[in-house]
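# Structural characterization, general
Chain by chain, the residues:
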Amino acid sequence: MNVAAYDCDVLVVGLGPVGAVLTALLAERGVAVIALDKDVAPYPMPRAVHFDHEIMRIFQQLGVADQVSQHARDLPDYEFRAADGRVLMNLRPPRQTPSGWGGGYMFHQPGVEAVLRERIAALPNADVRLGQRLDSLAQDAHGVTAQVTTQAGAAALRARYLVGCDGAWSPVREAIGGGLFDYQFDEPWLVVDMQVPPGCNVPAVNIQLCDPARPTTCVLSGPGRHRWEFMLLPGETAEAMLDDAVVHDLIRPWDCGPVRIERKAVYRFHGLVANRWRAGRIMIAGDAAHQTPPFAGQGMCAGIRDAANLAWKLDAVLRGMASDALLQTYQAEREPHVRAAIELAIGMGRVVCTLDRDAAAQRDAAMLAAQAGGAPALPPATPSPFASGCVLAGSVGAGELFPQPTAGEASAPLRMDDRLGDEAVLIARAPIVGTAAGLRVLEVDAQDLAPFRPALLAWLDQHGAEAVLVRPDRYVFGSGAPRLLLDAWAASLNPAALAAEAR
Ligand SMILES: Cc1cc2nc3c(=O)[nH]c(=O)nc-3n(C[C@H](O)[C@H](O)[C@H](O)COP(=O)(O)OP(=O)(O)OC[C@H]3O[C@@H](n4cnc5c(N)ncnc54)[C@H](O)[C@@H]3O)c2cc1C
């Protein structure tokens, strides 16, 4: 198969938030991408309202953090309240995060999706094809051929790799097979987005009202918007609950003034994980690979982390800097993160979705006692480091998100990632001889790093390391002696070549 026979390097199927981030990250790196979506406009129904600091760091990498901020607000406290209003648990956003951004953000998803599409439109390597549906696909040793329906009829597209970011019903997941793991959580909820004109009085904190008579979520969305979610009770139907009069009756007790219904939908909240995220040259990401109840606000976040994990690996393989085996680390690294987030959300959901009054009273008493006793409210939301994958296992800090120090004015801080570029980077205390392809080597004393030197030295001191190798997605590959890190990095990217060299 010669090069000219390919329409693109990577075919991204689905241009939701995950497909959009993956397309932008790949195209920024010079990968030729075709991104297609069966629909022309982004999904119109209410979905994500929260993203965390790491996602803002990825938006920063795409150069859109300022534009995204226009559609976002800082994350407030998250209170679980009893039916009588007593606070059962209060989750405060972290004041400091490893990403160098705020503790989290409440946002308007259509606004952010529009920003991402605008970014992609400015990237010459991204070719977006809207209103085109993937019908089937087949792969061979050299690439993937997708059959697509366009307005002009059927067409075939040939790519070296294909990533299905095609959502919960993912045809790509169905094509690669493997089935789904089901956490057996399945609860129906009405979700309503309201516009909040000036003068309305909506809560300033995020609230889970753990009322057995009607479990309810009430949270901020982007500027000028608020979100309510109401659990359906036994016997209630989606059709009846979507009636505007019913929605107004449900909102009335919140006494907010003249808020306006913008959009509404009924969903079943569940926890699912695909067993297989990759088959040869085909991968899945985002809702195609996993779905979570929304109580921890992590579904889209997890998908965007998938995209960041996959983008640099596909790029390294396509540039010939890594063997195809690197792609095998994608699911190994991402699945434990995803499962931890789903299990956290289901834990929260089981607290909230209690309809039995006696059970709710016992829950309230237990949570109030735990709070009075100073027990931690919930397990930490920060994902554990990768236990395996493209990391120097056993070295201190391996698999953690590397911190992004900031410096300068708080209103317009300098951020370290902006000085690092898109490659992996080895940061060392002392000058280093040698490097590796696709890797930048920097001394802590380098001019580019001057504003961040104290923070970098503090990290190296804390980890007792001479150097740290940070992957392009800003996770720590490993720490230790520079030569050891360079050799281990080369071996991780290209295990087959190294094995052959050793023979
Ligand atoms: C009520 C609710 C609240 C939520 N709250 C949060 C939250 O606060 N924070 C958070 O992080 N997440 C949240 N989520 C989850 C989040 O919305 C999803 O995880 C995220 O939108 C999924 O993005 P995606 O790109 O993977 O899939 P989607 O956005 O579903 O995109 C898939 C795309 O693939 C396209 N497609 C499908 N089939 C084909 C085909 N055959 N050919 C071409 N194109 C195709 C579709 O048209 C679609 O555009 C929430 C979800 C719900 C329902």
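Residues numbered from 1 in each chain as written. Predicted model: local features only at pLDDT ≥ 70, side-chain atom pairs only at ≥ 80, totals over all residues. Heavy atoms only, no water.

### What about the overall build of the chain?
Quick reminder of the rule: A run of DSSP states H or I qualifies as a helix once it reaches four residues; a run of E qualifies as a strand once it reaches two. Both are numbered from the N-terminal end. In this setup the radius of gyration rests on C-alpha atoms only. A globule is expected at 2.2 Å times the number of residues raised to 0.38. Exposure categories follow from relative accessible area, calculated using a 1.4 Å probe and restricted to protein chains: below 20% of the type maximum is buried, above 50% is exposed, and the middle band is partly exposed. Working rule for contacts: check all heavy atoms of both residues, and any pair within 4.5 Å makes them a contact.
Looking only at helices and strands, the chain features 14 helices and 25 strands. For a compact globule of 503 residues, the expected C-alpha radius of gyration is about 23 Å, and the chain comes in at 24 Å, within 12% of that figure. Counting all 503 residues of the chain, 53% fall into the buried class. Restricting the contact set of the chain to residue pairs at least 6 apart, pairs at least 24 apart contribute 71%.

### A short note on unusual backbone geometry
With a phi close to 60°, Gln-184 is a non-glycine residue in the positive phi region. Relative to the assigned elements, Gln-184 resides in strand β12 (residues 180-195). For Arg-474, which is not a glycine, the phi torsion comes out positive at approximately 70°.

### Concerning the domain arrangement of the chain
Formally: Where each domain begins and ends follows an automated or database-derived domain assignment. Buried area is understood as the total, over both parts, of accessible area removed when two parts are fitted together, assessed with a 1.4 Å probe. The term salt bridge refers to a pairing of a side-chain nitrogen on Lys or Arg with a carboxyl oxygen on Asp or Glu at a separation within 4 Å. N or O atoms closer than or at 3.5 Å make up a polar contact, with two conditions inside protein: a donor-capable atom paired with an acceptor-capable one, and, for residues adjacent in sequence, both atoms drawn from side chains. When residue character is reported, Ala, Val, Leu, Ile, Met, Phe, Trp, Tyr, Cys and Pro are called nonpolar, Asp, Glu, Lys and Arg charged, and the others, Gly included, polar.
Taken domain by domain, the chain consists of domain 1 (3-43 + 53-70 + 108-180 + 272-340) and domain 2 (406-502). Here domain 1 and domain 2 have C-alpha centroids that lie 27 Å from each other. Opposite the 19 residues of domain 1 that make contact, domain 2 presents 17 residues. Summing the contributions of domain 1 and of domain 2, the shared interface buries around 1,500 Å²; its carbon and sulfur component is 45%. For the interface between domain 1 and domain 2, the tally reads three salt bridges. In this structure, the salt-bridge partner of Arg-319 is Glu-423, at a minimum N-O distance of 3.4 Å. In this assembly, domain 1 and domain 2 are joined by eight residue pairs in polar contact (both at pLDDT 80 or more). Of all the elements in the fold, those that place two or more residues in the side of domain 1 that touches domain 2 are α2 (53-61), α8 (299-318) and α9 (329-352). Sorting elements by how many residues they give to the side of domain 1 that touches domain 2 places α8 first, with five residues. Class assignment of the residues belonging to the side of domain 1 that touches domain 2 gives a composition of six nonpolar, five polar and eight charged.

### Observations regarding the sheet that holds strand β23 (residues 439-443)
The cut-off we apply is this: For two strands to count as paired, DSSP must find a minimum of two bridges between them. Here an axis means a line fitted to C-alpha atoms, over the contact stretch when the element is a helix, while the angle between two N-to-C directions is reported on a 0 to 180 degree scale.
With mixed pairing, four strands are arranged side by side in an open sheet as β23-β22-β24-β25. Lying at the two open borders of the sheet, with one neighbouring strand each, are β23 and β25 (476-480). Here the average twist between neighbouring strands, direction ignored, is 15°. Both strand β22 (residues 424-428) and strand β24 (residues 467-470) contribute to a ladder of four bridges, which runs antiparallel. By the bridge assignment for β24, Ile-427 is matched with Val-468. Of the strands in this sheet, β22, β24 and β25 touch helix α12 (residues 453-462), which is tilted by about 105° from β24. Packing against the sheet, helix α13 (residues 482-493) makes contact with β22, β23, β24 and β25, and its axis sits at approximately 150° to β25.

### Side note on the site of the ligand
This is how the line gets drawn: One heavy atom within 4 Å of a molecule or strand makes the whole residue count as near it. Surface accessibility in these figures is a Shrake-Rupley result with a 1.4 Å probe; residues are shielded only by whichever protein chains are displayed.
In the region of the ligand, 34 residues are neighbours, and Asp-37, Arg-47, His-50, Asp-287 and Met-300 sit closest. In the model, an oxygen atom of the ligand is placed 3.0 Å from a nitrogen or oxygen of the Val-49 main chain. A total of 1,000 Å² of accessible area belongs to the ligand in isolation, and the protein chains cover 92% of it. Sorting the residues of the shell around the ligand by element identifies α1 (17-28), β2 (33-37), β9 (133-139), β15 (225-231), β16 (260-274) and α8 as the ones contributing at least two each. Per-element tally for the shell around the ligand: the top contributor is α8, with three residues. Residue composition of the shell around the ligand, grouped by class: 15 nonpolar, 10 polar and nine charged.

### Section: the nonpolar core
Inclusion rule: What is meant by a nonpolar core is a set of buried Ala, Val, Leu, Ile, Met, Phe, Trp, Tyr and Cys residues, joined one to another through side-chain atoms within 4.5 Å.
Counting 118 residues, the largest nonpolar core has Leu-11, Phe-51, Phe-59 and Phe-80 as the members making the most contacts within it. At 12 residues, the largest contribution of residues to this core is made by α8. Counting contributing residues per domain, this core is built from domain 1 (3-43 + 53-70 + 108-180 + 272-340) and domain 2 (406-502), each supplying no fewer than three. With sequence-adjacent residues up to four places away left out, Phe-80 is seen in contact with Arg-86, Val-87, Leu-88, Met-89, Leu-91, Gln-208, Cys-210, Met-348, Val-351, Val-352 and Met-367. If you look at the next biggest cluster of nonpolar residues, it comprises 19 residues, including Leu-442, Trp-459, Leu-460 and Val-470.

### A look at the packing of α8 against α9
A packed helix pair is summarised by two numbers, namely the angle formed by the two axes and the spacing between the axes. To keep it simple, the criterion reads: Angles are sorted into four bins: roughly parallel if under 35 degrees, roughly antiparallel if over 145, roughly perpendicular if 65 to 115, and oblique for all others. Here a crossing is taken to be left-handed if its near helix is turned anticlockwise relative to the far helix by less than a right angle, and right-handed if that turn runs clockwise.
The interhelical angle for the contact between α8 and α9, taken along N-to-C directions, is 160°, at an axis separation of 10 Å. The angle between the axes of α8 and α9 places the two elements in the roughly antiparallel class. The two elements α8 and α9 meet at a crossing, and its hand is right-handed. Touching Ala-302, Arg-305, Asp-306, Asn-309, Leu-310 and Lys-313 of α8 are Thr-329, Tyr-330, Glu-333, Arg-334 and Val-338, all from α9. Here the contact of α8 with α9 is composed, by residue class, of four nonpolar, two polar and five charged.

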